Amino acid sequence: MKNLDRLVENSARSLAKRTSRRSLLASLGQILTGAALLPLLPIDRTARAQEPARPSAAEQKCEYWKYCAIDGFLCACCGGTSTSCPPGTQSSPITWIGTCHNPADGRDYIVSYNDCCGKVSCGDCFCDRNEGEKPMYRLSRNNDVNWCMANSESNYHCSVSVILGVAEK
Amino acid sequence: MTRAAAALAAAWAGLLASAAAHGGNPAQDYVLNCMGCHGTGAQGIPGKVPPLANALRRFMRTPEGRNYVLRVPGAANSALSDEQLAAVLNWLAATYDTGAVPSQLAPFTRSEVATLRHQPLIAVLATRKAVVNALAATGPSPPSQY
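Attention in this report is confined to the structure presented alongside it. Bear in mind that the values here come from a model prediction, so they are computed numbers and not experimental data.

Our focus in this paragraph is the overall build of chain B. Scanning chain B from N- to C-terminus turns up 9 helices and 0 strands. Each helix (α) and strand (β) of chain B, taken in turn from the N terminus, gives the series α-α-α-α-α-α-α-α-α. A burial count over chain B gives 43% of its 146 residues as buried. Restricting the contact set of chain B to residue pairs at least 6 apart, pairs at least 24 apart contribute 74%.

Printed below as a string of structure tokens:
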């Protein structure tokens, strides 16, 4: 037992000679600093939040089935998609409504064509199909209207097409 | 429920059922012909498009209000037939404004629509203001401003 006491005492004295309380604080400081720096390592924090909209190739073609009654620039070519406005624009609260036949399932769908407003005209992918439109003498069935007129910024930029549901015959 | 109220309730149910039986679909007719401007809940656009929710049924309380509704350009010039227009208006009244107005209210009929929609309404805003003021003096009324 005496030998064990001496061994522990010698070890403690040896440790005390080689180290100090300051060195302990320094070590702890290094650990804390390292822990603080860890989150700053070069990790991709943007994830997918900042990625631009990626519309499909079909959405960028005027022949796409749900564009049957559209009249304007396709938002899928203007930084948005066929259902979302490009950044910096606002969707119009009033809309042109059409009915389009989907050849994939043989059903007719009611589609809302909302304009995206607040920036100058996009200018890409102009698409003027307007199936079901009537001349101006039937105003409620004419699509030559700036649907951005109810927005605070009434500049027209492009048009999206949102499916509302299946049309019953 | 009084006998008169029961008769009116039956008239409403009969008209809505008749619209469905004849292939009419007032909800879809609203979406295709009216919703683009009046909105998904018939709420209108402040400062631009008048609301139908909490408004249409109140107009229906008086002959002057009914006259205004059937002659206002958006209704009178719509692509809907007389029967379809009556069905859409009755569907809207039954769907979006049921609280404030007593149930003793006659639905629109095809003949009523046919008689009134072909008489052009020139002074729309002035007529609306006069009708709304008269309604406000006697009970629930549509908003004077929108």
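Here the focus is helix 9 (residues 124-136) of chain B. Residues and elements named next belong to chain B. Helix length check: helix 9 (13 residues) gives 18 Å between terminal C-alpha atoms against 18 Å at 1.5 Å per residue, within 8%. When we look at burial in helix 9, the residues that qualify are R128, V131, V132 and L135. Considered in projection along helix 9, the buried side chains sweep an arc of 100° and stay on one side of the axis. Residues of helix 9 that are exposed and point more than 90 degrees away from the buried face comprise A126 and K129. The secondary structure elements touched by the buried residues of helix 9 are helix 4 (56-59) and helix 5 (63-71).

What follows deals with the side chain of N151(A). Residues and elements named next belong to chain A. Relative to the assigned elements, N151 resides in the loop between strand 5 (126-128) and strand 6 (156-166). Assessed through its relative accessible area of 12%, N151 is described here as buried. One polar contact links the side chain of N151 to the main-chain carbonyl oxygen of S91, over a distance of 3.4 Å. Here N151 is in contact with Q90, S91, S92, P93 and C117, once residues within four sequence places are set aside.

The next thing to look at is unusual backbone geometry. One non-glycine residue, C125(A), lies in positive phi territory at about 55°. Assignment of secondary structure puts C125(A) in the loop between strand 4 (107-117) and strand 5. Here C125(A) falls in the partly exposed class, since its relative accessible area comes to 29%. Its identity as a non-glycine residue notwithstanding, N54(B) has a phi of 55°, on the positive side. Mapped onto the elements of the fold, N54(B) is located in the loop between helix 3 (35-38) and helix 4. Of the residues examined, N54(B) reaches a relative accessible area of 41% and is grouped as partly exposed.

Another aspect to go through is the state of the cysteines. Summed over the entire model, instances satisfying the criterion amount to 7 disulfides over all chains. Put simply, C85(A) and C116(A) are joined by a disulfide, and their sulfur atoms are 2.0 Å apart. Negative torsions about the S-S bond denote left-handed disulfides, and the value of about -80° found for C85(A) with C116(A) makes this one left-handed. Of this pair, C85(A) sits in the loop between strand 1 (71-73) and strand 2 (90-91) while C116(A) sits in strand 4, placing them 31 residues apart in sequence. No disulfide involves C34(B); its nearest neighbouring cysteine sulfur is the one of C37(B), lying 9.3 Å away.

What follows covers the interface of chain A and chain B. Listed per partner, the contact involves 16 residues of chain A and 14 residues of chain B. Counting across the chain A and chain B interface gives 0 salt bridges. For the pair chain A and chain B, the number of links is 7 residue pairs in polar contact (both at pLDDT 80 or more). Counting only elements with at least two residues in the side of chain A that touches chain B, the list comes to strand 3 (96-102) and strand 6 of chain A. Counted by class, the side of chain A that touches chain B contains 10 nonpolar, 3 polar and 3 charged residues.

Cut-offs and rules
Along each chain, numbering runs from 1 in the same order as the chain's sequence is written. Lettering for chains starts from A, numbering for ligands starts from 1, and both go in the order in which the items are written. Only residues with pLDDT of at least 70 are given local features in this predicted model, and only at 80 or more are side-chain atom pairs given and counted; all residues enter the totals for whole chains, interfaces and linings. Excluded from the side-chain calculation are hydrogens and water; included are all heavy atoms of the structure. By the criteria applied, helices consist of DSSP H or I runs no shorter than four residues and strands consist of E runs no shorter than two, each listed in order from the N terminus. Exposure is judged per residue with a 1.4 Å probe applied to protein chains only, and the accessible area is read against the type maximum: over 50% gives exposed, under 20% gives buried, and values in between give partly exposed. Whether two residues are in contact is decided by their heavy atoms, any of which lying within 4.5 Å being enough. Each residue after the first adds 1.5 Å to the expected span of a helix. Within this analysis, the arc is defined by the directions that extend from the helix axis to the C-beta atoms. Two N or O atoms form a polar contact when they lie within 3.5 Å of each other; inside protein one atom must be a possible hydrogen donor and the other a possible acceptor, and for residues adjacent in sequence the pair counts only when both atoms belong to side chains. Two cysteine sulfurs form a disulfide in these notes if their separation is within 2.5 Å. Just to be clear on terms, a salt bridge is a Lys or Arg side-chain nitrogen sitting within 4 Å of an Asp or Glu carboxyl oxygen. Under this grouping Gly is polar, as are all residues other than the nonpolar Ala, Val, Leu, Ile, Met, Phe, Trp, Tyr, Cys and Pro and the charged Asp, Glu, Lys and Arg.

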